Amino acid sequence: MSANPPAGADCTAWQQLQAAAPALRARSLRELFAVEAERFAHCSVSACGLLFDYSRQRVDAGVLDSFKVLADQLQLRERIAAQFCGERINITEDRSVLHTALRRADGATPPLVVGGQDIDGLVRSERERVLDFAERVRSGAISGSQGAAFNLVVNIGIGGSDLGPAMAVEALREFSAGAPRVAFASNVDGCQLVDILAGADPGRTLFIICSKTFTTQETRSNALAAREWLRGKLGAAAVPRHFAAVSVNAAAMDEFGVNADYRFAMWDWVGGRYSIWSSIGVSLAIAIGAQNFRAFLAGAAELDQHFQEAPWRANLPVLSALLGIWNSNFLELPTLAVLPYDQRLARLPAYLQQLEMESNGKSVRLDGQPVTQSTCPVIWGEPGNNAQHSFFQLLHQGSARAALDFLLPARSSSGSQAHQDLAIANCLAQAEAFAFGQDATQVEADLRRQDLPPARVAALLPHKVHQGNRPATLIMFPRLDPATLGRLIALYEHKVFVQSVVWGINAFDQWGVELGKKMCESIVPLVREPVLAQGASSSLRGALQYLARERAS
Ligand code: F6P
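**Looking at the domain arrangement of the protein chain**
Here is step 1: Taken as a whole, the protein chain is organised into domain 1 (9–73 + 310–417 + 478–503), domain 2 (103–288) and domain 3 (512–552).
Here is step 2: Between the C-alpha centres of domain 2 and domain 3 there is a distance of 33 Å.

Below you can see the structure in the form of structure tokens.
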């Protein structure tokens, strides 16, 4: 790999894509299917238990060829290898990016040694501690200060220390029989914690403070409030039996009073939003048990191998990344809606918001120069059926355009296949409607069948036309189980990496969240004493004064 690898915009393949874009922008999916009726056969890939159907994306053979050339010109194979072997590709923080090491199979060869450190050994020993802890919490072998088994585990964390476990615990609810309930408190306003504690039995409640840094304001304030609550109920001596923690910051865990046996390490080469595979996943491990957690890791490892080895045309993360780039940079679709047709994946859009937007919400290239094209699209979404009855109107007929990712299991997560069959029908109907729409001729024929007067037909017709041509990827899988969830998350993680390579940005830092955090620190005292805010902007002073008045009344 060259010292200064090119970004997508520097490659001739990018110019080829640019040249192809106007024609594809003008072409409808109806036309693409008319010339290539068997698009599904040509534009779907089955790998790692996922069926990735991109036949409803607005690409042709020329665009797909240019994707391949682009990947080669970007030296993507070498860039992937650099990530997996621990090169310090997070250049602004001078760190390796090794979340993939967290899910390597035991005995994988060659062993992963980075900077002389046996990463496999490190990961394995901490993972075994976490899984052993999880199993013992589940069985009641680890109990509260009064000897009762835990029936409630409260994960206190935010961002990557919350979203991954929260999303996955919900996704894998079917696999958590017999486990304590796992609840999540992230928001600084305290509402979640109050709600959770309202029904909690202190003697049976375990708190897990998850914070890579252990300095995050939201997590610290929730952790301190939880400790106060527990002390108030059971006394200070009970704290070590009711608090576990995950962090790189051992001193802060000491200071908090976390029992040495109940604390778990992570490492600076695991980014927060990539940390579900690490000790941060302990609440998930408690929910689903060690065996299922291992299956979750194995699913991701399978996708890792696929990502490293599959040819570009059959490589799911690469296809997903380049289709995303095509949609946002060439077809000018500035957002991606993630639409799972499984309620258990309700938190997936929120999880992907952090994964994608915190990773690739950047405007500066690795070399410090500004990027010359748009980068990460806005990611949003909801479970598909609910979304149909809220924002799908805009997607079908509004002026704002979005690319769409549908996620669809064949088998039910609720135990009722009859329900899932309806979800399947809805998902497929929407994918078809978004692709092909309903043109004026079809609408007119429809209206005429209703025997409406011609004037009424003419008046209604423009309101009922659906242009279609909304590009979508449909990701199908047999059922939502631990291995499948692992594969899905790894797919999106690698997609994010590939897109960062194309845009020439660093997907693994997050400087954009720091300014607000720093400013918040200086505003905390002003909330109580607005008079100290002289010199602040009039907007800030005005808001502080209003809030002080309202707080006092
Ligand atoms: O929001 C910024 C961020 O640093 C995320 O990247 C991270 O996942 C989250 O805060 C929580 O950080 P920590 O685990 O250190 O509490």
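Text resumes after the structure shown.
**Concerning the site of the ligand**
Here is step 1: What surrounds the ligand is a group of 14 residues, the closest being S161, S211, T213, T216 and E358.
Here is step 2: Between K212 and the ligand, the recorded distance is 2.8 Å, taken from a backbone N or O atom to an oxygen atom.
Here is step 3: Contact distances for the ligand include 2.6 Å between an oxygen atom and a side-chain N or O atom of T213.
Here is step 4: Bound to the protein, the ligand loses 87% of the 390 Å² it would expose on its own.
Here is step 5: Broken down by class, the residue content of the shell around the ligand amounts to 2 nonpolar, 9 polar and 3 charged.

**Thoughts on helix α13 (residues 316–330)**
Along an α-helix, a turn takes 3.6 residues, which lines up residues three or four apart on a common side.
Here is step 1: Counted at 1.5 Å a residue, the expected span for α13 with its 15 residues is 21 Å, and the 20 Å between its end C-alpha atoms agrees.
Here is step 2: Counting buried positions along α13 yields 14 of 15 residues, so the element is predominantly enclosed.
Here is step 3: E332, located one to two residues past α13, shows a positive phi value of around 60 degrees.

**A closer look at the sheet that holds strand β9 (residues 263–265)**
Two strands in a sheet stick together by hydrogen bonds in their backbones, pointing the same way (parallel) or opposite ways (antiparallel).
Here is step 1: What the 5 strands build is an open sheet, ordered β6-β5-β7-β8-β9; its pairing is parallel. Where the open sheet ends on each side, the last strands, each with one partner, are β6 (181–185) and β9. Mean inter-strand twist for the sheet, computed between neighbouring axes without regard to direction, equals 20 degrees.
Here is step 2: Of the pairings in the sheet, the one linking strand β7 (residues 205–210) to strand β8 (residues 243–247) comprises 4 bridges and is parallel in character. Bridged to I208 within β8 is A244.
Here is step 3: Contacting β5 (152–156), β6, β7 and β8, helix α9 (residues 217–234) crosses the sheet at an angle of about 160 degrees to β7.

**Notes on the packing of helix α1 (residues 12–26) against helix α4 (residues 61–73)**
Here is step 1: Here α1 crosses α4 at 160 degrees, and the two axes come no closer than 8 Å. Comparing the axis directions of α1 and α4 gives the class roughly antiparallel. As for how α1 packs across α4, the hand of that crossing is left-handed. Mapping the contact onto sequence places T12, A13, W14, Q16, L17, A20 and L24 in α1 and V63, S66, F67, V69, L70 and Q73 in α4.
Here is step 2: Of the residues that constitute the contact of α1 with α4, the class distribution is 9 nonpolar, 4 polar and no charged.

**Concerning the sheet that holds strand β13 (residues 472–477)**
Here is step 1: The 6 strands lie next to each other as β1-β2-β13-β12-β10-β11, forming an open sheet whose pairing is mixed. Both edges of this open sheet fall to β1 (44–47) and β11 (378–381), since each of them pairs with a single strand only. Between one strand axis and the next, the sheet turns through 15 degrees on average, direction left out of account.
Here is step 2: In terms of strand pairing, strand β2 (residues 50–53) meets β13 through 3 bridges, oriented antiparallel. Bridging from a neighbouring strand, D53 pairs with L474 of β13.

Calculation criteria
- Residues numbered from 1 in each chain as written.
- Predicted model: local features only at pLDDT ≥ 70, side-chain atom pairs only at ≥ 80, totals over all residues.
- Heavy atoms only, no water.
- Domains from an automatic or database assignment.
- Near = heavy atom within 4 Å.
- Polar contact = N/O pair within 3.5 Å; in protein donor to acceptor, adjacent residues only side chain to side chain.
- Areas by Shrake-Rupley, 256 points an atom, 1.4 Å probe, with all protein chains shown as cover.
- Nonpolar A, V, L, I, M, F, W, Y, C, P; charged D, E, K, R; others polar.
- Helix = DSSP H or I, 4+ residues; strand = E, 2+ residues; numbered from the N terminus.
- Expected span 1.5 Å × (residues − 1).
- Buried < 20%, exposed > 50% of the residue type's maximum accessible area, 1.4 Å probe, protein only.
- Pairing = 2+ DSSP bridges.
- Axes fitted to C-alpha atoms, helices over the stretch in contact; angles between N-to-C directions.
- Contact = heavy atoms within 4.5 Å.
- Parallel < 35°, antiparallel > 145°, perpendicular 65-115°, else oblique.
- Left-handed = near helix turned anticlockwise from the far one by under 90°.

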